[in-house]
Structure formats: C-alpha cells, structure tokens
Amino acid sequence: MEQSSVILAYLTALRKTVRRRLVTYGLFAVVAGGVSSLLTVIILDWLFFALLVIQALSGAMFGYLRSIPLALAGGVVVGLGESLLTKYGPSQGALIGVRSSFSFIVLFAVLVFYAVRGAGRGQARPVAQLADRVRAAGTARIARPADRAWARVAIGCGVALALVIPPAASPSWRFTLAATLPMVIVFLSMTVLTGYAGQISLCQAAFAGVGSVTVARVVGDTGMSFWLVLPLAGLAAVPFGLAVGLPALRLGGLHLALLTLGFGLLVDNMIFNNLSVTRGGAGLQLSRPTLFGLSLASDLTYYYVLLLFVALTVLLVHNLRMSPTGRALRAVQDSETGVRSVGLNPTAFKLAAFVLAAFLAGVGGALFTSVQGHFSALDFGMYQSLLILVT
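### Section: the overall build of the chain
Along its length, the chain carries 16 helices and four strands. A buried classification covers 40% of the 391 residues belonging to the chain. Long-range pairs, those at least 24 residues apart, make up 76% of the contacts in the chain between residues at least 6 apart in sequence.

Shown next as structure tokens:
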C-alpha cells in the first residue's frame with residue numbers, strides 16, 4: 001500500500017513537471033515566432049536570426065537562465081550598450097570589432113564571472129570507481145586478437161586508398177583532397193579535447209583561424225620559412241586555448257558550450273573580420289612552401305606531404321590515449337574528485353587538453369591556408385566550429 005502511494009505521488013509530480021515544461025515551451029514558441037514575424041518585415045536573413053539568438057542569450061545569462069528580472073536587466077544592458085557603441089564607438093582601427101562584438105563580450109564576461117563563483121560545475125560520480133580506473137595500469141579495454149586483426153586490416157585498407165586514389169583523381173579532386181587533410185588535424189584536436197577530456201568546444205575553428213592568420217602574417221611580413229613559422233602558428237593559438245580553458249575549469253555542459261561559442265564569435269569579429277589584421281580586400285596571401293628544395297606547387301605532391309603530417313598527428317593522439325596522461329584525461333570526464341583521490345591534479349590535465357587541442361588546431365589551420373594560398377574568415381567561422389564538433 002505504501003509503495004503504491006509513493007508511485008502515485010511520483011506520477012503526479014511527473015505530470016505537473018511535464019505540464020509546466022509544455023506551457024513554458026509553448027509560450028516561448030509563441031513569443032519567439034511573433035517577434036521573428038515582426039523582424040522579417042525589416043530584415044530576412046538567416047545569419048541575422050542566428051546571431052540574434054546569441055545576443056538574446058547574452059542578456060539571459062545575466063540571470064543564469066533562472067531569473068527573469070536579471071535577464072530583463074541584462075537585455076537592457078546589452079541593447080543599450082550596442083546602441084551606444086554603434087553611435088559613439090570606434091569606426092576604424094584595431095578596436096572597430098568591439099561595436100559588433102559587444103554582446104559576445106558580455107556573454108563571455110558573464111560566464112567567466114559565474115565560473116569564478118563556481119557555478120555550472122558537473123556532478124561527480126562515485127570516487128572509488130574512478131580511483132580504480134586511474135590506478136589501473138590496464139585501464140584501456142584489451143582488444144581480442146580478432147578485433148586487433150580486423151583493426152589492422154581496416155587501417156591497412158585506409159592507408160592503401162589514401163595512397164592510391166589521389167594519382168587517379170582529377171586535378172580539382174586532388175586540390176580538394178589536399179585541402180581536406182589539414183582539417184583532419186583540426187578534427188583530431190577535438191578528439192583530444194572532447195573525446196579524451198570530455199570538454200565541449202564550439203570555437204575550435206577560431207583556434208585554427210588564429211594559426212592561419214599567424215602564418216600568413218609572419219611569412220608575408222618577414223619572409224621566414226613556412227616550416228619555421230608552422231610551430232609558431234600552433235603556439236599562437238595556445239593563449240586562446242588557455243583563455244577558454246581557465247573558465248572551463250568551473251563550467252560544464254550548456255554553459256561551457258555557450259562560453260566557447262561566444263569566444264569563437266568574439267575572435268571572428270575582433271580578428272578575422274578586422275581589416276587592420278586581414279588587410280581588407282587584398283587579404284592575406286600565402287605562397288606554397290618548398291621542402292628541402294622540392295617544390296610543393298603540385299597538389300599531388302603537397303597531398304603526400306600533408307598525409308605524412310596527418311599520420312604523425314594520428315600517432316601522437318593514439319599514443320596519448322594509451323599513455324597514463326590519456327587515462328587520467330578520460331578519468332577526469334567522470335569525476336574530478338576521483339582523480340584528486342589518487343593524488344592527481346584534474347585542473348592541470350584539463351588545461352593540458354585545451355592547450356594541446358588549440359596547438360593542433362592552429363597547426364591544422366596554418367596548413368589549410370598554405371593549401372588554399374590565402375586566408376579567408378569564412379573558413380573559420382562559427383558554423384565551421386559546429387561542423388568540426390559534429391564530425
């Protein structure tokens with residue numbers, strides 16, 4: 001009898017919760033649809049509506065998505081700030097991007113503020129489970145001989161196809177294949193950050209763009225060898241990775257996704273679309289490099305060089321996964337408390353994941369620009385970051 005009462009109480013509470021959520025979502029849909037209908041009279045642009053959502057989130061985050069009065073105050077601050085900057089803000093120079101980036105700056109600043117306060121942290125899983133996972137030398141699943149054999153066959157077939165297909169492809173396809181390989185390195189950076197450390201990033205394309213801008217500017221301005229500047233392009237993205245990684249130590253889930261999304265849009269507006277950085281219509285040009293006197297002007301030749309870079313990156317990421325550091329990174333996904341219980345510092349591991357991911361993305365972006373021959377902000381925007389995440 002008592003058990004039936006508990007079940008009945010649970011079902012009643014569940015029904016009320018579902019009803020409240022249906023009313024909330026329905027009200028939201030009606031208001032959003034009505035506002036969008038009014039705005040379409042003024043402008044009909046999908047990009048405008050996408051950015052409008054980010055601007056709305058900037059105001060809503062004042063109340064941490066919980067307080068309507070604070071969200072209303074945040075909307076007033078964002079709207080008033082953008083209006084004042086539009087009228088009185090810088091119209092040229094390095095700070096011109098502040099005018100169009102104000103809402104992204106507010107979103108990033110508010111999330112950093114809540115991160116300092118310790119809000120948005122995930123719940124820890126049982127400590128004992130994670131302690132055993134980190135201590136165990138054989139944490140990774142031991143594959144059966146049959147599994148290993150099939151894996152080797154699949155890898156061998158993939159390598160054979162990567163070596164054989166390009167010579168038989170048309171010139172346009174050779175260029176496409178060559179341009180794809182640097183993006184594979186960027187995708188592998190997401191493997192380190194999301195796959196191993198469990199951190200969401202919607203600004204990975206921004207890290208790649210920083211590497212792209214760095215190599216194009218340094219090689220173009222100083223005439224240095226592309227291969228000497230390539231590691232510098234990766235290092236240039238590291239401070240940006242730390243700028244996201246430090247607040248991420250205290251954020252997770254939706255709030256971390258919003259933080260990285262806002263940061264990526266901020267970098268896009270302040271750097272990639274800043275004419276003083278990208279030199280306006282002329283853009284940033286980058287000639288194909290040479291390697292030990294060998295010309296890489298041919299897409300096929302450069303393809304095989306880039307394939308070597310991808311193979312080295314795959315080897316690096318694989319060895320990281322099998323190392324104690326990789327096992328600790330995967331343990332951080334489950335419980336920071338569990339990692340601390342065995343004497344490890346989860347903060348250091350999470351920051352290391354952001355640093356390595358930013359470095360790899362910066363290198364991938366630099367290599368991508370060397371294939372394209374020029375920097376384009378469209379190649380490193382918000383939607384590229386979303387594509388990288390889902391891929």
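### Things to note about the nonpolar core
Core analysis: the biggest nonpolar cluster contains 81 residues, and Phe207, Val215, Phe226, Trp227, Phe272, Tyr302 and Leu367 have the highest contact counts within it. Ranked by residue count, the leading element in this core is helix 15 (residues 346–372), at 12 residues. Ignoring any residue separated from it by four or fewer positions in sequence, one finds Phe272 in contact with Ala206, Gly209, Val210, Val213, Val267, Thr278, Phe375, Ala377 and Phe380. Of all hydrophobic cores here, the second largest spans eight residues; its members include Ala257, Leu265, Met270 and Met382.

### Points about the packing of helix 12 (residues 299–322) against helix 15
The N-to-C vectors of helix 12 and helix 15 enclose an angle of 170°; their axes lie 12 Å apart at closest approach. As summarised for this structure, helix 12 and helix 15 are arranged roughly antiparallel, according to the angle between their axes. Where helix 12 abuts helix 15, its residues Tyr302, Leu306, Phe309, Thr313, Leu316, Val317 and Leu320 lie against Leu356, Leu360, Leu367, Ser370 and Val371.

### A short note on the environment of Gln285
Mapping Gln285 onto the fold places it in strand 1 (residues 284–285). For Gln285, a relative accessible area of 52% translates into the label exposed. Contacts of Gln285, omitting those with residues within four sequence positions, involve Ala216, Gly373 and His374.

### A few points about empty space enclosed by the protein
On inspection of all chains with the given rule, the structure shows one cavity of 30 Å³ or more. Approximately 50 Å³ is the volume found for the largest cavity. Considering the residues around the largest cavity, the lining is formed by 13 residues, among which Gly264, Leu265, Gly381, Met382 and Ser385 are closest to the centre. Elements supplying a minimum of two residues to the lining of the largest cavity: helix 8 (204–222), helix 10 (253–272) and helix 16 (382–390). The residue inventory of the lining of the largest cavity, partitioned by class, reads nine nonpolar, three polar and one charged.

### Some thoughts on the side chain of Ser189
Within the secondary structure layout, Ser189 lies in helix 7 (residues 171–196). The exposure class of Ser189 is buried, given its relative accessible area of 0%. Here Ser189 is in contact with Gln204, Ala357, Leu360 and Ala361, once residues within four sequence places are set aside.

### Examining a nonpolar patch on the surface
A surface patch of nonpolar side chains, about 570 Å² in accessible area, is lined by Leu72, Val76, Leu80, Leu84 and Tyr88. Mapped onto the elements, Leu72 comes out in helix 3 (residues 68–88). Assessed through its relative accessible area of 61%, Leu72 is described here as exposed.

### A closer look at the packing of helix 9 (residues 226–248) against helix 12
Helix packing geometry: the angle between the two helix axes and the distance between the axes. Direction vectors running N to C along helix 9 and helix 12 enclose 40°, while the axes themselves pass 15 Å from each other. As far as their axial angle goes, helix 12 and helix 9 are oblique. When you trace helix 9 past helix 12, the crossing you get is right-handed. Between helix 9, through Phe226, Trp227 and Leu230, and helix 12, the contact on the second element is made entirely by Tyr302, Val305 and Phe309. In terms of residue class, the contact of helix 9 with helix 12 is made up of six nonpolar, no polar and no charged.

### Examining the packing of aromatic side chains
According to the stated counting rule, one finds eight aromatic pairs in the structure shown. Aromatic ring contacts, followed pair by pair, group Phe272, Phe368, Phe375 and Phe380 into a single cluster.

### A word on the environment of Pro231
Mapped onto the elements, Pro231 comes out in helix 9. You can call Pro231 partly exposed: its relative accessible area is 37%. Residues Pro231 and Gly211, spaced 20 residues apart in sequence, show a C-alpha to C-alpha distance of 9.1 Å.

### Looking at helix 8
Here helix 8 is 19 residues long and its end C-alpha atoms lie 27 Å apart, about the 27 Å a rise of 1.5 Å per residue gives. Counting buried positions over the 19 residues of helix 8 gives 14, a clear majority of the element. The positive-phi residue at the C-terminal boundary of helix 8 is Gly223, with phi of around 75°.

### Some points on the environment of Val110
As for its placement among the helices and strands, Val110 is situated in helix 4 (residues 97–117). Residue class for Val110 comes out buried when judged on its relative accessible area of 11%. C-alpha of Val110 to C-alpha of Leu259: the two residues are 149 residues apart in sequence and 9.1 Å apart in space. Setting aside residues up to four positions removed in sequence, Val110 forms contacts with Met61 and Phe62.

### So, the confidence of the model for the chain
Taken over all residues, the pLDDT of the chain has a mean of 76, while the share at 70 or more is 72%. Of the regions scoring below 50 in pLDDT, residues 122–142 engages in 36 contacts with residues more than four places distant in sequence or in other chains.

### Thoughts on unusual backbone geometry
Even without a glycine there, the phi angle at Phe292 is positive, about 55°. For Phe292, the location among the structural elements is in the loop between strand 2 (290–291) and strand 3 (294–295). Residue class for Phe292 comes out exposed when judged on its relative accessible area of 85%.

So, how was this worked out
In this numbering scheme, every chain counts its residues from 1 along its sequence in written order. It should be noted that, the model being predicted, local features are given only for residues of pLDDT at least 70 and side-chain atom pairs only at 80 or more, the latter also being counted only at that level, while totals for whole chains, interfaces and linings use all residues. Side-chain measures here rest on the full set of heavy atoms in the structure, leaving out hydrogens and waters. Working definition: helices are DSSP H or I runs of at least four residues, strands are E runs of at least two. Numbering for both runs from the N terminus. Think of it in three bands: residues with accessible area under 20% of the maximum for their type are buried, residues over 50% are exposed, and the middle band is partly exposed, with areas taken using a 1.4 Å probe on protein chains only. In this description, contact between two residues means that some pair of their heavy atoms is separated by no more than 4.5 Å. Put simply, buried Ala, Val, Leu, Ile, Met, Phe, Trp, Tyr and Cys residues joined by side-chain atoms within 4.5 Å make one nonpolar core. Note on method: axes are straight lines fitted to C-alpha atoms, helices fitted across the in-contact stretch only, with angles between N-to-C directions ranging 0 to 180 degrees. When an angle is under 35 degrees it counts as roughly parallel; over 145 it counts as roughly antiparallel; between 65 and 115 it counts as roughly perpendicular; any other value is oblique. Detection works on a 1 Å grid of protein atoms alone, calling trapped sets that fit a 1.4 Å probe cavities and calling open sets with protein on both sides within 12 Å along at least five of seven lines pockets, with lining residues defined by an atom within 4 Å of a point. Grid points are joined across faces, edges and corners, and a volume is the space filled by probe spheres set on the points. For this classification, the nonpolar set comprises Ala, Val, Leu, Ile, Met, Phe, Trp, Tyr, Cys and Pro, the charged set comprises Asp, Glu, Lys and Arg, and every other residue, Gly included, is treated as polar. Excluding any residue in a salt bridge, patches collect residues exceeding 30% relative accessible area, merging like charges within 9 Å and nonpolar Val, Leu, Ile, Met, Phe, Trp and Tyr side chains within 5 Å. For accessible areas, the Shrake-Rupley method is used with a probe of radius 1.4 Å. Any residue's cover is judged against the shown protein chains and nothing else. Salt bridge, as used here: a side-chain nitrogen of Lys or Arg that lies within 4 Å of a carboxyl oxygen of Asp or Glu. By convention the crossing between two helices is left-handed if the near helix lies anticlockwise of the far one by an angle smaller than a right angle, and right-handed if it lies clockwise. Stacked, tilted and edge-to-face are the three classes assigned to paired rings of Phe, Tyr and Trp, where Trp is represented by its six-membered ring and a pair needs centres within 6.5 Å; plane angles under 30 degrees give stacked, over 60 edge-to-face, the rest tilted. One less than the number of residues in a helix, times 1.5 Å, gives the span that helix is expected to have. pLDDT is a residue-level measure of predictor confidence that goes from 0 to 100.

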